[in-house]
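# Survey of secondary and tertiary structure
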Amino acid sequence: MKNRTMQEMNEQYKDCSVHVNEYDVDGRRYRVHSYFIGDKDINDVMYRYAEDRAMSEMLGLVPKSA
């Protein structure tokens, strides 16, 4: 994988959806920019998560939800 500069990445993702969150941590404000560049279907992602969680609960790998 090629190491890219911040300017190259900004140019590559300039047309993508961006969500900005601000967080205050120990008196300092941080901004997190999330760039939505993927093309995953949220229904597929949630189905896979639910299926994996159910299987893990049945196998006793994680505690069951209340």
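Throughout what follows, the structure given in this document is the object of discussion. (Residues numbered from 1 in each chain as written. Predicted model: local features only at pLDDT ≥ 70, side-chain atom pairs only at ≥ 80, totals over all residues. Heavy atoms only, no water.)

## Some thoughts on the pattern of salt bridges
What counts, and what does not: When a carboxyl oxygen of Asp or Glu is within 4 Å of a side-chain nitrogen of Lys or Arg, the pair counts as a salt bridge. Using a 1.4 Å probe on the protein chains alone, a residue whose accessible area is under 20% of its type maximum counts as buried, one over 50% counts as exposed, and one in between counts as partly exposed. Segments assigned H or I by DSSP are reported as helices when at least four residues long, segments assigned E as strands when at least two residues long, and all are numbered from the N terminus.
Enumeration according to the criterion identifies 5 salt bridges in this entry. Note that Asp 24 and Arg 29 form a salt bridge whose closest N and O atoms lie 3.3 Å from each other. Here Asp 24 and Arg 29 have matching classes, each one exposed. Salt-bridge contacts for Arg 53 lead to Glu 57; the nearest nitrogen and oxygen are separated by 3.0 Å. Here Glu 57 and Arg 53 lie together in helix 2 (residues 42–58), a separation of 4 residues that amounts to about one turn. Overlapping salt bridges bring together Glu 22, Asp 24, Arg 29 and Arg 31 as one network.

## Section: the environment of Lys 40
By secondary structure assignment, the location of Lys 40 is in the loop between strand 2 (28–36) and helix 2. The class for Lys 40 is exposed, based on a relative accessible area of 75%. Residues Lys 40 and Ser 17, 23 residues apart in the sequence, show an inter-C-alpha distance of 14 Å.

## Describing unusual backbone geometry
Phi is positive for Asp 26, which is not a glycine, with a value near 50 degrees. Structurally, Asp 26 can be placed in the loop between strand 1 (17–25) and strand 2.

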